[in-house]
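Residue-level structure breakdown
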Amino acid sequence: MRSGLEDEVSDKVAMNPAGSVDPDSVAFFSPDEGGSYLHARGFSTHHVYKHITEHDSTALQYFLGFGTGSALWICSFESLFSKPCSKCGKLLAMNKKSALILSPLHRTYQDLPLAANLDVCEAYHGGCSPYDS
Ligand SMILES: [Zn+2]
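Residues numbered from 1 in each chain as written. Predicted model: local features only at pLDDT ≥ 70, side-chain atom pairs only at ≥ 80, totals over all residues.

Word for word, the UniProt comment on the protein chain under Subcellular location (unreviewed entry) is "Nucleus". The UniProt entry for the protein chain carries the following text under Sequence similarities (unreviewed entry): "Belongs to the Mediator complex subunit 27 family." (UniProt positions renumbered as here; feature names shortened; annotations may be inferred.)

Here it is, written out as structure tokens:
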């Protein structure tokens, strides 16, 4: 299944069971990637998309409890390279864990099951997120 983010993000979504509206796995890739690893349980060769994919399993577990919101959360990555960090206000910052300069890759999901739009979905760098420990 594709979500329609083809300009900045290519994603693969696995639905379980087949026909379900709740994804059990989502992997994000660069639109210019190609290869046998492009599936819902694969990982991108690009750090940006690999970080998002690692982060998404926590979000998907959260949405399973509500039964809604995951599609809206996936769409929040439409602004992956244009939405500044909600804490520091910068577009790029050093990720201390990976020693890479990255955009705000974490999108909050805690308020999405009750929200009607993406405005409640904040963007954070890994070290800036109030939800990271
Ligand atoms: Zn930040």
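Following the structure, the description resumes.
Within the protein chain one finds two helices and six strands. Listing the helices and strands of the protein chain from first to last along the sequence gives β-β-α-α-β-β-β-β. Burial statistics for the protein chain: of 133 residues in total, 29% are counted as buried. A sequence separation of at least 24 residues applies to 49% of the contacts in the protein chain between residues at least 6 apart. (Helix = DSSP H or I, 4+ residues; strand = E, 2+ residues; numbered from the N terminus. Buried ≥ 20, exposed ≤ 12 C-beta atoms within 10 Å, placed from the backbone. Contact = placed C-beta atoms within 7 Å.)

The next thing to look at is the nonpolar core. The nonpolar side chains of soluble globular proteins are, as a tendency, buried together. Counting residues in hydrophobic clusters, the biggest one holds 17 residues, and the most contacted among them are Phe28, Ile52, Trp73, Phe77 and Tyr109. Of all the elements in the fold, those that place two or more residues in this core are strand S2 (23–29), helix H1 (47–66) and helix H2 (70–75). Those residues in contact with Ile52 that sit more than four places away from it in its chain are Phe28, Phe77 and Leu105. (Core = buried A, V, L, I, M, F, W, Y, C linked by C-beta atoms within 7 Å.)

Attention shifts here to unusual backbone geometry. For Ala99, which is not glycine, the phi torsion reads 55° and is therefore positive. For Ala99, the position within the fold is in the loop between strand S3 (93–95) and strand S4 (100–102).

A separate point is the environment of Ser57. Looking at where Ser57 falls in the secondary structure, it is placed in helix H1. Given 12 C-beta atoms within a 10 Å radius, Ser57 is considered exposed.

This part is about H1. Between its first and last C-alpha atoms H1 spans 30 Å; for 20 residues at 1.5 Å apiece the expected length is 28 Å, and the two agree. Its maximal kink placed at Asp56, H1 deviates by approximately 30°. Taken together, the buried positions of H1 are Tyr49, His51, Ile52, Thr53, Asp56, Ala59 and Phe63. Buried-residue contacts for H1 involve S2, H2 and S4. (Expected span 1.5 Å × (residues − 1). Bend = angle between axes of the 7 residues up to and from the residue.)

Here we come to the environment of Cys85. Here Cys85 lies in the loop between H2 and S3. Taking the C-alpha atoms as reference, Cys85 lies 8.9 Å from Leu105; in sequence the two are 20 residues apart. Here Cys85 is in contact with Lys90, Ala93, Pro104, Ala123, Tyr124, His125 and Cys128, once residues within four sequence places are set aside.

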